[in-house]
Amino acid sequence: MSGEYVNMWKELGLDLESHDQLLSVLGQAYGDIFLSQKNRPEGMKYFDFVVSEVHGLRIREIMEEKAKGNIIVGTFCVYVPEELVLAVGGVQIGLCAGAEIAFEKVEEYLPRNTCALIKSSLGFRLGRLCPYTQAADFVVGETTCDGKKKAYEIFGEMKDVYVMEIPQMKNDADRALWKKEIGRFTAELEKRSGRKITAESLKKGIQTVNKKRAVLQRLAAIRYKYPFVISGRDALLVNQVSFYDNPERFTDSVAKLCDELEERGKKKISIGEAGAKKILVSGCPMAVPNWKVPFVVETSGATIVAEESCVGERNTRNAVKDSGSSVDQLLDNIVDRYMKINCACFTPNKERIEDISALYASSGADGVIHYSLQFCTPYLVESKKVKDLCDSRNMQFLAIETDYSSGDMEQLKTRIEAFIEKI
Ligand code: BJ8
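An account of the accompanying structure is given in this report. In this text the structure is predicted, and so the values were computed from the model without any measurement. (Residues numbered from 1 in each chain as written. Predicted model: local features only at pLDDT ≥ 70, side-chain atom pairs only at ≥ 80, totals over all residues. Heavy atoms only, no water.)

Some remarks on the site of the ligand
As a reminder of what qualifies: A molecule or strand has a residue near it when one of that residue's heavy atoms lies within 4 Å. Each residue receives one of three labels: charged for Asp, Glu, Lys and Arg, nonpolar for Ala, Val, Leu, Ile, Met, Phe, Trp, Tyr, Cys and Pro, and polar for the others, Gly being one of them.
Taken together, 15 residues surround the ligand, and among them Cys77, Cys145, Cys310, Cys343 and Cys376 come closest. Here the shell around the ligand is composed, by residue class, of twelve nonpolar, one polar and two charged.

Concerning the sheet that holds strand β3 (residues 138-142)
What counts is decided by this rule: Paired strands, as defined in this entry, are two strands with at least two bridges between them according to DSSP. A helix here means a DSSP run of H or I that spans at least four residues, while a strand means a run of E at least two residues long, and both kinds are numbered starting from the N terminus. Whenever a helix is involved, its axis is fitted only over the stretch in contact; in every case the axis is a line through C-alpha atoms, and angles between N-to-C directions fall within 0 to 180 degrees. Here, two residues are considered to be in contact whenever any of their heavy atoms come within 4.5 Å of each other.
Taken in spatial order, the four strands of this open sheet run β2-β1-β3-β4, and their pairing is parallel. Each having just a single partner strand, β2 (91-94) and β4 (161-164) make up the two edges of the open sheet. Adjacent strand axes in the sheet meet at a mean angle of 30°, parallel and antiparallel pairs treated alike. Pairing geometry for strand β1 (residues 72-75) and β2, over four bridges, is parallel. Bridging from a neighbouring strand, Thr75 pairs with Gly94 of β2. Across the sheet, helix α4 (residues 57-67) touches β1 and β2, and the angle it forms with β2 is around 145°. Across the face of the sheet, helix α9 (residues 146-155) comes into contact with β3 and β4 while running at roughly 155° to β3.

A word on the packing of aromatic side chains
To keep it simple, the criterion reads: Pairing of aromatic rings covers Phe, Tyr and the six-membered ring of Trp, with a centre-to-centre limit of 6.5 Å; geometry is then stacked below 30 degrees between planes, edge-to-face above 60, and tilted otherwise. Buried means the residue's accessible area, taken with a 1.4 Å probe over protein chains only, is under 20% of the maximum for its type, while exposed means over 50%, and partly exposed covers the values in between.
Inspection of every chain in the model, using the stated rule, returns 13 aromatic pairs. When the ring of Phe47 is compared with that of Phe250, the centres are 6.1 Å apart and the planes differ by 80°; the resulting orientation is edge-to-face. Taken as a pair, Phe47 in helix α3 (residues 44-52) and Phe250 in helix α13 (residues 247-266) lie far apart in primary sequence, 203 residues in all. Grouping residues by exposure puts Phe47 and Phe250 together as buried.

Thoughts on unusual backbone geometry
Omega for the bond connecting Val288 with Pro289 falls within 30 degrees of zero, at -5°, which places this linkage in the cis form. Residue placement: Pro289 occurs in the loop between β5 (277-283) and α14 (292-298). With an omega dihedral of -15°, the bond running from Thr347 to Pro348 counts as a cis peptide bond. The residue Lys268 is not glycine, and still its phi comes out positive at about 60°. Structurally, Lys268 can be placed in the loop between α13 and β5. Using a relative accessible area of 73% as the deciding quantity, one classes Lys268 as exposed. In this structure, Phe375 is a non-glycine residue whose phi angle is positive, near 75°.

Here's the deal with the sheet that holds β5
Pairing is parallel across the open sheet formed by four strands, whose spatial order is β6-β5-β7-β8. The open sheet is flanked by β6 (302-308) and β8 (396-402), the only strands paired with a single partner. Across the sheet, the mean angle from the axis of one strand to that of its neighbour is 25°, orientation sign disregarded. Pairing of β5 with β6 involves six bridges; the strand directions are parallel. Each bridged residue has a counterpart across the sheet, and for Lys277 the counterpart in β6 is Ala302. Of the strands in this sheet, β5, β6, β7 (367-373) and β8 touch helix α17 (residues 350-363), which is tilted by about 140° from β6.

A short note on the environment of Tyr46
Structurally, Tyr46 is set in helix α3. Tyr46 sits 315 residues away from Ala361 along the chain, and the two C-alpha atoms are 31 Å apart. Not counting residues within four places of it along the chain, the set of residues in contact with Tyr46 comprises Asp245, Arg249 and Ser253.

Description of the pattern of salt bridges
Stated formally: Any Lys or Arg side-chain nitrogen found within 4 Å of a carboxyl oxygen on Asp or Glu counts as a salt bridge.
Within the structure shown, the criterion is met by 41 salt bridges. Of the charged contacts, one joins Lys45 and Glu42 as a salt bridge, the two residues approaching to 3.1 Å between their closest N and O atoms. With relative accessibility at 52%, the residue Lys45 sits in the exposed group. Note that Glu263 is salt-bridged to Lys266, the shortest N-O span being 3.7 Å. Pair noted here: Glu263 and Lys266 are both in helix α13, with a separation of three residues, about one helical turn.

Focus: the pairing of β7
Of all seven residues making up β7, seven are buried, and the element is well covered by its neighbours. In β7, alternate side chains face the same way, and those of Gly367, Ile369, Tyr371 and Leu373 on one face and Val368, His370 and Ser372 on the other are all buried. The pairing of β7 with β8 spans seven bridges and is classified as parallel. By the bridge assignment, Ser372 is partnered in β8 with Glu401.

Section: the side chain of His19
Mapped onto the elements of the fold, His19 is located in helix α2 (residues 16-35). With sequence-adjacent residues up to four places away left out, His19 is seen in contact with Trp9, Leu14, His55 and Leu129.

Some points on the packing of α17 against helix α18 (residues 377-392)
Between two packed helices, the angle of one axis relative to the other and the distance separating the axes together describe the packing. Stated formally: Note on angle classes: values under 35 degrees are labelled roughly parallel, values over 145 roughly antiparallel, values of 65 to 115 roughly perpendicular, and the remainder oblique. Note on convention: near helix rotated counterclockwise from far helix by under a right angle means a left-handed crossing. Clockwise means right-handed.
In the contact formed by α17 and α18, the axes pass within 10 Å of each other and the chain directions differ by 50°. With respect to each other, α17 and α18 are oriented oblique. You can see that α17 and α18 cross each other, and the crossing is right-handed. For the pair α17 and α18, the contacting residues are Arg352, Ile353, Ile356 and Ser357 in the first and Tyr379, Glu382, Lys385, Val386 and Leu389 in the second. When grouped by side-chain class, the residues that make up the contact of α17 with α18 number five nonpolar, one polar and three charged.

Listed below in structure tokens is the structure:
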């Protein structure tokens, strides 16, 4: 990334030396994991460009939005409704939490046995390495798992943090609580932006986010039909970029990619070896730049064809209805849609198991790899339920538990290769 951004990074308070090192490590990893693939779709060039400018051009655009008086909202969970942020003219950014950054410092604040995603979110802040966190006017936390909930108390000592209470169950009382929280968040956004949400602005926000989800669903459906026209790595990258790119431009770029993929499908143009096994990955979200498991899977004789994850299907299924003429009716639609995100933090959560079963069938997968981060109690507990589902349906199943280090790459590779051979 060019030196033209150095002043901007300085103003954002980044640790320039460590930031340079981070960019160089990321550039190397990106080359090895993504650019080395053969026969990639042309449409991925847009995403390569976005990643190459992830701390440059996109940050500049965000700073321009800020200068116009639009609020910048950082998030760590797909439960935070982007529709509302757009309705006040703001920009919502899903903050990275996919790399081991400043873990030594982090462990002065959090127990060592905290999941890597939580440690990473704090690490980027403590290490002053994420321009998005620095640029955000405030960060929205949420009461999902215990680790996150408590880590936001620490995060709040270093950054303006607003916490949304997320229900833990799916009953009427929980819906009522969630409706109240959506109302409280709406008021917060109006206060911070100095703008009132209207039925018109909210409808527009809903439509923009629906289009983004619809195009990602289109991408998913193409992969089910033509599983080898794009790698799982590239599809994951597209989903990761959806969290910080301009929504309209992103939607157009994915639509173009989808057009190309359909053509490739018809012409039988493939990225992989004939006979590769098709894998459904299910579990914890893979935030940028967490690409370890997809890389290992796809260099072991398989292609990932679907992700039951918040960076994947769990976040893109279900649109928000845009019918309704008042803000309150539209807020109800938002409440209903978000209550259907079947995160493992809910209890009971049988809907997630049903989702996995349906996705296995629609994607035509040959096997399921359940991916949990170490110390992530919600997903580790549900891993057994996913195994039970797979056993009862004769679906091949492998559970892996890992972190963001590269220390277990060889071990993972051995297990994943053996699993793929067995399918
Ligand atoms: S809606 S999955 S994005 S909370 S991996 S921090 S659960 S200990 S990320 Fe998530 Fe929202 Fe749910 Fe989705 Fe805790 Fe587990 Fe760590 Fe996790």
